[in-house]
Amino acid sequence: VTPGLSDSFGAAIATVESAQPSALLIGGCAAQGSNPSARVALLDAQRTWTTLTQTGLSPRCDIAAASWASCAAVFGGVGSNGVLLQEVLRSCGNSSAQVGLYWDPMPQPPWRGRSLMAASALWNAGGITIFVAGGRSLTQEPLPDAWRSDDLGVSWRSAADAMPWAARHSASLVPMHP
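Residues numbered from 1 in each chain as written. Predicted model: local features only at pLDDT ≥ 70, side-chain atom pairs only at ≥ 80, totals over all residues. Heavy atoms only, no water.

Looking now at the overall build of the protein. Secondary structure summary: the protein contains zero helices and 14 strands in total. Reading the protein from its N end, one meets helices and strands in the order β-β-β-β-β-β-β-β-β-β-β-β-β-β. Counting over 178 residues, the protein shows a buried share of 46%. Pairs at least 24 residues apart make up 44% of the contacts formed inside the protein by residues separated by at least 6 positions. As presented, the protein carries roughly 8,900 Å² of accessible surface, and 56% of it is formed by carbon and sulfur atoms. (Helix = DSSP H or I, 4+ residues; strand = E, 2+ residues; numbered from the N terminus. Buried < 20%, exposed > 50% of the residue type's maximum accessible area, 1.4 Å probe, protein only. Contact = heavy atoms within 4.5 Å. Areas by Shrake-Rupley, 256 points an atom, 1.4 Å probe, with all protein chains shown as cover.)

Right, here's the structure in full:
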């Protein structure tokens with residue numbers, strides 16, 4: 001099955017590490033201001049898209065996503081009622097074919113609801129650290145903060161006392177591997 005990518009405005013893509021590389025297309029809208037989607041589609045190593053029947057992920061646009069091993073997480077975004085979402089959802093599985101099927105809510109993060117933020121998961125000596133930075137507030141203002149989780153999205157703390165950049169949204173966090 002090939003999902004119509006025309007309903008992917010404001011979606012996020014998360015790669016999933018496994019024996020066969022794959023990627024998830026998560027959420028999105030058909031056009032600016034249109035109804036959000038709860039679609040999750042898997043792109044496999046054979047370049048085939050499969051729409052997944054998932055549970056736990058409500059419709060959303062302008063989200064961020066991060067992935068590590070056989071897990072993916074979704075952060076915030078704009079829900080179907082136009083409200084900024086203040087949540088973290090995580091999906092893990094024993095294989096890339098299972099990631100994206102079931103989304104579990106993590107405890108509510110301390111940051112305010114936001115859209116268009118950046119997110120990334122970084123491997124380090126102690127495990128995995130997830131970062132979320134910037135985004136856009138309900139009043140459409142760019143946000144100047146950054147947050148980190150060292151327990152896969154369960155708890156969060158400020159990533160720094162002061163950010164060395166101006167408030168921003170629509171940026172990217174790209175993991176750099178040595």
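There is more to say, and it comes next.
The next thing to look at is the state of the cysteines. Scanning the model with the defined rule gives two disulfides in all. Here C29 is linked by a disulfide to C61, with a sulfur-sulfur distance of 1.5 Å. Measuring the twist about the S-S bond at about 95°, one finds the C29-C61 disulfide to be right-handed. Separated by 32 residues along the polypeptide, C29 in the loop between β2 (22-26) and β3 (40-43) and C61 in strand β5 (residues 60-61) bring together distant segments of the chain. (Disulfide = S-S within 2.5 Å.)

Once that is clear, we can look at the environment of A160. Within the secondary structure, A160 is located in the segment after β14 (157-158). For the pair formed by A160 and R148, sequence separation is twelve residues and the distance between their alpha carbons is 9.1 Å.

Before going further, it helps to examine the side chain of T129. Its place among the elements puts T129 in strand β12 (residues 127-133). Look at T129 and you get buried, because its relative accessible area is 3%. Within the structure, the side chain of T129 is placed 2.6 Å from the side chain of N124, a separation counted as a polar contact. For T129, the residues in contact, after removing those within four places along its chain, are S120, A121, L122, N124, R148, S149 and D150. (Polar contact = N/O pair within 3.5 Å; in protein donor to acceptor, adjacent residues only side chain to side chain.)

All right, on to the packing of aromatic side chains then. On inspection of all chains with the given rule, the structure shows three aromatic pairs. Judged by centre distance (6.1 Å) and plane angle (50°), the ring pair of W111 and W147 falls under tilted. Taken together, the residues span a long stretch of sequence, with W111 in the loop between β10 (104-105) and β11 (118-124) and W147 in strand β13 (residues 146-149) at a distance of 36 residues. Taking relative accessible area as the criterion, W111 reaches 1% and is therefore assigned buried. Here W111 and W156 contribute two aromatic rings whose centre-to-centre distance is 4.7 Å and whose plane-to-plane angle is 80°, an arrangement assigned as edge-to-face. Pair noted here: W111 is in the loop between β10 and β11 and W156 is in the loop between β13 and β14, with a separation of 45 residues, a long-range link. Assigned by exposure class, W111 and W156 land together as buried. (Phe/Tyr/Trp six-rings, centres within 6.5 Å; stacked < 30°, edge-to-face > 60°.)

This paragraph deals with the sheet that holds strand β9 (residues 88-92). With antiparallel pairing, the four strands of this open sheet are ordered in space as β6-β7-β9-β10. On the outer flanks of this sheet lie β6 (64-68) and β10, each paired with one strand and no other. (Pairing = 2+ DSSP bridges.)

Right, let's get into unusual backbone geometry. One non-glycine residue, A69, lies in the positive phi region at around 40°. Its place among the elements puts A69 in the loop between β6 and β7 (71-75). In the Ramachandran plot, S170 falls in the positive-phi region, its phi being about 65° despite a non-glycine side chain. Tracing the backbone through its elements, the reader meets S170 in the segment after β14.

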